[in-house]
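# Understanding the architecture of this molecule
One-letter residues, chain by chain:
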Amino acid sequence: MQQYRTLQILQKSPNSRVFHLYLNRPHHRNALSRDFFTEFSAALSSLDQNTDAAVIVLSGTGDHFCSGIDFKALNSITDHPPSFDRARANEKLRREIKVLQDAITAIERCRKPVIACVHGGCIGGGVDIVTACDIRYCTQDAFFSVKEVDLGITADLGTLQRLPGIVGYGNAMELALTGRRFSGQEAKELGLVSRVFASKESLDEGARLVAEEIAAKSPLAVTGTKAVLLRSRDMNLEQGLDYIATWNSAMLVSDDLTEAIKAQIQKRNPTFSKL
């Protein structure tokens, strides 16, 4: 398995179809370096293509999930020679931002569901990451902040686009304009996370059980559900219904459907082929 400087991928059990992806810069509170933005896309792509992987659990090593973008990375994308043409410098900066955005959007491009497990701090770029995930859990002592406004910048990696659809427009506006810190319990009340766990250990175990449950389901149905829900964000009801009709006209009649029906009739667990 490929080695990364900022990430770690683990398959904790050889028979499990759940793979664990860790932000792995614990001594830097998992701050997002330039290497991260290259490696994250590559890691998600490799897991997407790995037929043994059905579900991805995303966590952070050390005491925090993610403290946001590394200031060195921020300086590197905004720095340019004094003699550099202003328009060319701005065009280069735009391309740099698009590269960073693309790394976060890789979570949505990945066909496999991604479950975010947040403990400790989830700041700035960390919020960008979790808002792109499919399921979000956290510990009771976790805390969050859309911090960019306090750094004199406008959040540009996806939080302002994704957060309103998760917590509502008014809540997203208040969190983004104040940059205030809010707790795991408030994140649950806002709908940012689905469940709050008492400890890191119970979070890890709870996420593992959910991931294993999803991994046992039809991979065609799971990947299809993720794809259709993501596409439906940008459609009205009629368009969404038309899209799922087209999707299922191609995917509905499958070996997975036959196996699921047989398993229910025979009162046994279904066995699905890998995808």
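Everything in this summary refers to the structure shown in the same document. The model shown is predicted, which means the values in this text are computed figures rather than measured ones.

It is a general feature of regular strands that their side chains alternate between the two faces of the sheet. In terms of residue burial, strand β4 (residues 114–118) counts as a mostly covered element, since five of its five residues are buried. Residues Val114, Ala116 and Val118 line one face of β4 and the alternating positions Ile115 and Cys117 line the opposite face, and both faces are buried. Looking at chain direction, strand β3 (residues 55–60) and β4 are connected through three bridges and run parallel. Pairing of valine 57 across the sheet is with isoleucine 115, part of β4. Sheet analysis places β4 next to strand β6 (residues 135–139), joined by four bridges and oriented parallel. Each residue of the ladder has a partner; that of alanine 116, found in β6, is arginine 136.

Attention now moves to the nonpolar core. Buried together is how nonpolar side chains tend to be arranged in soluble globular proteins. Formed by 48 residues in total, the largest nonpolar core has its most connected members in Leu21, Ile129 and Phe144. Look past the residues within four positions of phenylalanine 144 in its chain and what remains in contact with it is Val118, Cys122, Ile123, Cys138, Arg180, Arg181, Phe182, Ser183, Gly184, Ala187, Leu192 and Val193. Val55, Cys117, Phe197 and Ile214 belong to the second largest nonpolar core, which has 15 residues in total.

Of note in the backbone geometry, arginine 29 takes a positive phi value of approximately 55° without being a glycine. Summarising the element assignment, arginine 29 is placed in the loop between β2 (18–23) and α1 (34–49). Despite not being glycine, lysine 267 shows a phi value in the positive range, around 55°. Secondary-structure assignment places lysine 267 in the segment after α11 (255–265).

Moving on: the side chain of histidine 20. Here histidine 20 is to be found in strand β2. Classification of histidine 20 by relative accessible area gives buried; the value is 6%.

Right, let's get into the packing of helix α4 (residues 125–132) against helix α5 (residues 159–167). Contact geometry for α4 and α5: axes closest at 9 Å, N-to-C directions at 55°. Our classification of the angle between α4 and α5 gives oblique. In this structure, the crossing between α4 and α5 has a hand that is left-handed. Contact residues: Val127, Asp128, Thr131 and Ala132 in α4; Thr159, Arg162, Leu163 and Ile166 in α5. Taken together, the residues of the contact of α4 with α5 break down into four nonpolar, two polar and two charged.

Once that is clear, we can look at α4. With eight of eight residues buried, α4 is to be regarded as a mostly interior element. Those residues of α4 that fall on the buried side of the exposure criterion are Gly125, Gly126, Val127, Asp128, Ile129, Val130, Thr131 and Ala132.

The subject of this paragraph is a nonpolar patch on the surface. On the surface, a cluster of nonpolar side chains totalling about 520 Å² of accessible area is made up of Leu252, Val253, Leu257, Ile261 and Ile265. Among the structural elements, leucine 257 can be located in helix α11.

For the rest of this paragraph, the subject is the sheet that holds β4. Taken together, the six strands give an open sheet; going across it, the order is β1-β2-β3-β4-β6-β9, and neighbouring strands pair in mixed fashion. Lying at the two open borders of the sheet, with one neighbouring strand each, are β1 (7–10) and β9 (195–197). Across this sheet, the average inter-strand angle for adjacent strands is 20°, counted without regard to direction. Note: β2 against β3, six bridges, orientation parallel. Bridged to valine 18 within β3 is valine 55.

With that out of the way, let us pick up the packing of α5 against helix α6 (residues 169–178). Orientation of α5 relative to α6, taken along the N-to-C sense of each, is 130°, at an axis distance of 7 Å. On the basis of their axis angle, the class for α5 and α6 is oblique. Of the two possible hands of crossing, α5 and α6 adopt the one that is right-handed. Touching Leu160, Leu163, Pro164 and Val167 of α5 are Tyr169, Asn171, Ala172, Leu175 and Ala176, all from α6. Among the residues making up the contact of α5 with α6, the classes are represented as eight nonpolar, one polar and no charged.

A rise of 1.5 Å per residue sets the reference length of helix α8 (residues 200–215), with its 16 residues, at 22 Å; its end C-alpha atoms lie 22 Å apart and thus fit the reference within 8%. Among the residues of α8, those classed as buried are Leu203, Gly206, Ala207, Val210, Ala211, Ile214 and Ala215. One side of α8 holds all its buried residues, which, seen down the axis, span an arc of 165°. Buried residues along α8 sit against β2, β3, β4, β6, β9 and α9 (219–232).

Calculation notes
Residues numbered from 1 in each chain as written. Predicted model: local features only at pLDDT ≥ 70, side-chain atom pairs only at ≥ 80, totals over all residues. Heavy atoms only, no water. Buried < 20%, exposed > 50% of the residue type's maximum accessible area, 1.4 Å probe, protein only. Helix = DSSP H or I, 4+ residues; strand = E, 2+ residues; numbered from the N terminus. Pairing = 2+ DSSP bridges. Core = buried A, V, L, I, M, F, W, Y, C linked by side-chain atoms within 4.5 Å. Contact = heavy atoms within 4.5 Å. Axes fitted to C-alpha atoms, helices over the stretch in contact; angles between N-to-C directions. Parallel < 35°, antiparallel > 145°, perpendicular 65-115°, else oblique. Left-handed = near helix turned anticlockwise from the far one by under 90°. Nonpolar A, V, L, I, M, F, W, Y, C, P; charged D, E, K, R; others polar. Patch = residues over 30% accessible without salt bridge, like charges linked within 9 Å, V, L, I, M, F, W, Y side chains within 5 Å. Areas by Shrake-Rupley, 256 points an atom, 1.4 Å probe, with all protein chains shown as cover. Salt bridge = Lys/Arg side-chain N within 4 Å of Asp/Glu carboxyl O. Expected span 1.5 Å × (residues − 1). Arc of directions from axis to C-beta.

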